[in-house]
Amino acid sequence: MLAAFWSAPGSAREFPHDPSGVAPQQLEPEDPFDLRTPPQLLPGELDYILHVESGRYLSQGPYIVDSRVQDTEDKKYLLTTAQVQALLQVHAKQQSLRRHPRDTGLSGQVQKQQARLDVIRRVFEQKGDPGLLGPIQTGPLLPGKANLFDLFLSQVSLIGTPPQKAAMQEAMVLLLATPTGRQLAKEFVRTGAKADISLTVVENSKVIDVNGKKFLFGSGGSSHISQEMIHVYLNEDYLKTDRTIQQHDMAATIGHELLGHGLEQIKASDAGVLEAYNGWYEDNETNAGLVGWIISAELGARLDNRHMWNYLRSPQAYHQTLQVTLPYYATTLSPDEIKDPLPVLRQRLSHVQKELDDIQKSIAEWEAWRPRIDHFINVHKMKRAAFHSLIEDIDNSVQQTLPAHRENCNAIVQHVEAAILRGESKSGASEIQQIQVQFAQAFLMREEEQVRSRRDYLSNLVRGKSYEAAYFSPPEPGQITWDELNKMVHADIHLRQK
Amino acid sequence: MKTLTFVVMLISALARAGEGPVHKPVLHSFGPARYAVSAGWKLEETGSTADASWRFTKNLDTIELKLLGGQGSRYTSPSDYLSGMEATTMGKAPEKLRQVQVAGLKVWLFRHGYPINLGDPHVADPHPPQLAQIEFCIIPYKKNFFLLSWTHASSLPDLDTVGKKAWEFFLTSFTLEKK
């Protein structure tokens, strides 16, 4: 395609140039921009440049020429790489503003990074070959050392078959293309920590096909730390998902597990507070969540993580939701709560018991719709088939979702009761005292500040955007919706009252 | 005298609420606010010193009263609240439902949703989320503002309308004492 551009008639005026027969593999900012050098331009970008200022710039061979420069000395008429990048940033920004017309509230620096990332991401998605990106241009991190990507991978082993390694490497390239991924990778390199990442079978995971795209429905991954080594396990089903989903979600999951949980665990270990951080500190999950969500947002991925939206709406609601979701979260605490944890745990117990009551009420609420549906079938002679999707919703909720939630809540009750009993014992009280000492260290105070700062950053990053469904599933033709049924019920009651 | 006036207003409000069985109201006050909630709703004091909040719950319904905008509050003004994430449906601006009369003021009633039944945060779930709905309105008071809201914690429509009726009654009963 680029060859077609090169042979296209340019201007009537020819500029002297002497293109090298071999394309340079890397360009410095002051070098003449060369269309052949990776990562090359995306479709539309050369067109954009050629239309700027009524055709001021012309394509000539592998170069772009500024027709307004009369001075032919030193080939100043050839656009430099820096000039082309500036034009492309304007282009990327315009495209970004077209997609999200509201002010993002981000600083100029972050917007520039975003524009650059936009270009990298689109090149990557189109070509799919990380080699085309060339090395990640982060500059030397330490004197005499390689670039960040090489340094990072010297500490992170990718374990698996060649295709698995290639997929993980792609995800790492994208991760390091994000401002936050780069910043945290630098921190990781500084710790000298080691990690390995592998793909593994995850229980209850499946790949679902929606509108021709394959999505993961299951846990994206997990991690644990042992003897200064972080082990990250990614769901191998990622490799069966749609390519873009695989790339974005794997990058975000590696961010969450390695640079969220793992990096902070290493730092907590160095600070002597690992036990408190891993076992007791509620913002361990929040921080990892934020890292993954920020990387997704910086990548321009779908903003479909419902926990992220719940957290941004209300951190308090987010924590309360997690506390009735899995046993571990029910006993993690804030620095304020650890000061007197037993009353907090007793209150949690009462909340999860209320949740159990609410589950029963929810089941009753779903079930209450069945006789209403039957009424329209039996009395108004409507077809049962028209209520199929509503009956399916009721069945799913009362037979699967809510019973599974009830099972979790029962496990949470046992877990919290055991934690209270332990806390009331002499040895438990002593353990809590040790944890309180760890919570009082400056490390956890800094973590609190870091979480607040990441929350503000994410809020700005997603300002003006909203939840993006993986798909929108319109009601099947002829199927009655919940809103319609609700209106039918109230109209029927109104008629009967007359 | 003020209490007597309020009780008379309440009786009138109950009569206006109209539909359904009339429950004995329970009177409450906070600063300049006077309001009533139907009997049988459990009261919880929530919120912080800066953002005081009272919550009344019954089954899956919650009626909440917050006083925001004071010193140290998370929100400086009604517009600050409306443009914040808390008022959105996963980032989408709240929906304007209709104008209502509360405490002698004509104010907008808004609605927004929030995701429920979220599950394990590590699980990727491409299905659309279930959303519960919150209706709310804002009553300015001097430099502060009251946020009144009703939540039905379910993705289903409110079939028995107990919550809806209690909410309408609460709004009708809400007054601000003039100083």
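These figures come from a predicted structure and were not determined experimentally.

### Details of the pattern of salt bridges
Residues and elements named next belong to chain A.
Then step 1. Counted by the stated rule, this structure contains 25 salt bridges over all chains.
Then step 2. Residue Asp 209 pairs with Lys 214 through a salt bridge whose shortest N-O separation is 3.2 Å.
Then step 3. Of the residues examined, Asp 209 reaches a relative accessible area of 49% and is grouped as partly exposed.
Then step 4. Of the residues examined, Lys 214 reaches a relative accessible area of 37% and is grouped as partly exposed.
Then step 5. A salt bridge links Asp 358 to Lys 354; the shortest N-O distance between them is 2.8 Å. Linking Asp 358 with Lys 354, this pair stays in helix 14 (residues 341-367), spanning four residues, or about one helical turn.
Then step 6. Residue classification places Lys 354 among the partly exposed residues on the basis of a relative accessible area of 33%.

### Comments concerning the pairing of strand 1 (residues 57-60) of chain A
All names here are of chain A.
Then step 1. Of the two faces of strand 1, both are covered, the one formed by Tyr 57 and Ser 59 as well as the one formed by Leu 58 and Gln 60.
Then step 2. In this sheet, strand 2 (residues 63-66) lies alongside strand 1 in antiparallel orientation, the contact comprising four bridges. Each bridged residue has a counterpart across the sheet, and for Gln 60 the counterpart in strand 2 is Tyr 63.
Then step 3. In sequence, strand 1 turns back onto strand 2 through a hairpin of two residues, with Gly 61 there showing a positive phi of about 60°.

### Observations concerning the packing of aromatic side chains
Residues and elements named next belong to chain B.
Then step 1. Overall, the coordinates contain 22 aromatic pairs over all chains when judged by the stated rule.
Then step 2. Residues Tyr 35 and Phe 174 carry aromatic rings whose centres are separated by 6.3 Å and whose planes lie at 25° to one another, so their mutual orientation is stacked. Placement of the pair is Tyr 35 in strand 2 (residues 33-38) and Phe 174 in the loop between helix 3 (162-173) and strand 11 (175-176), with a sequence separation of 139 residues.
Then step 3. For the pair Phe 146 and Phe 174, a centre-to-centre distance of 5.6 Å together with 70° between the ring planes defines the contact as edge-to-face. You can see Phe 146 sitting in strand 10 (residues 144-152) and its partner Phe 174 sitting in the loop between helix 3 and strand 11, a full 28 residues away along the chain.

### Focus: the interface of chain B and chain A
Then step 1. Every contact between the two is made by 31 residues of chain B and, on the other side, 43 residues of chain A.
Then step 2. Note on chain B versus chain A: buried area summed over both sides is about 3600 Å², and carbon and sulfur give 64% of it.
Then step 3. Contact with chain A buries surface across chain B, with His122(B), Pro126(B) and Leu159(B) losing the most and accounting together for 20% of the total.
Then step 4. The interface formed by chain B and chain A holds one salt bridge in total.

Conventions used here
- Note that residues are indexed from 1 along each chain, following the sequence as it is written.
- Following the order in which they are written, the chains are lettered starting with A and the ligands numbered starting with 1.
- Given that the model is predicted, a residue must reach a pLDDT of at least 70 before its local features are reported, and side-chain atom pairs must reach 80 or more before they are shown or counted; all residues, however, enter totals for whole chains, interfaces and linings.
- For side-chain calculations, the full set of non-hydrogen atoms in the structure is used, while hydrogens and water are omitted.
- Salt bridges are identified by distance alone: a Lys or Arg side-chain nitrogen within 4 Å of an Asp or Glu carboxyl oxygen.
- Throughout, exposure labels follow a simple rule: accessible area from a 1.4 Å probe, protein chains only, divided by the maximum for the residue type, with under 20% read as buried, over 50% as exposed, and the rest as partly exposed.
- Helix and strand definitions follow DSSP, with helices as H or I runs of at least four residues and strands as E runs of at least two, each counted in order from the N terminus.
- The rule for pairing is simple: two strands pair if DSSP sees at least two bridges between them.
- Stacked, tilted and edge-to-face pairs are distinguished by plane angle, under 30 degrees for stacked and over 60 for edge-to-face with tilted covering the rest, among Phe, Tyr and Trp rings (Trp via its six-membered ring) whose centres lie within 6.5 Å.
- By definition in these notes, contact holds between two residues if any of their heavy atoms fall within 4.5 Å.
- When two parts are brought into contact, each loses some accessible area as probed by a 1.4 Å sphere; the total of that loss over both is the buried area.

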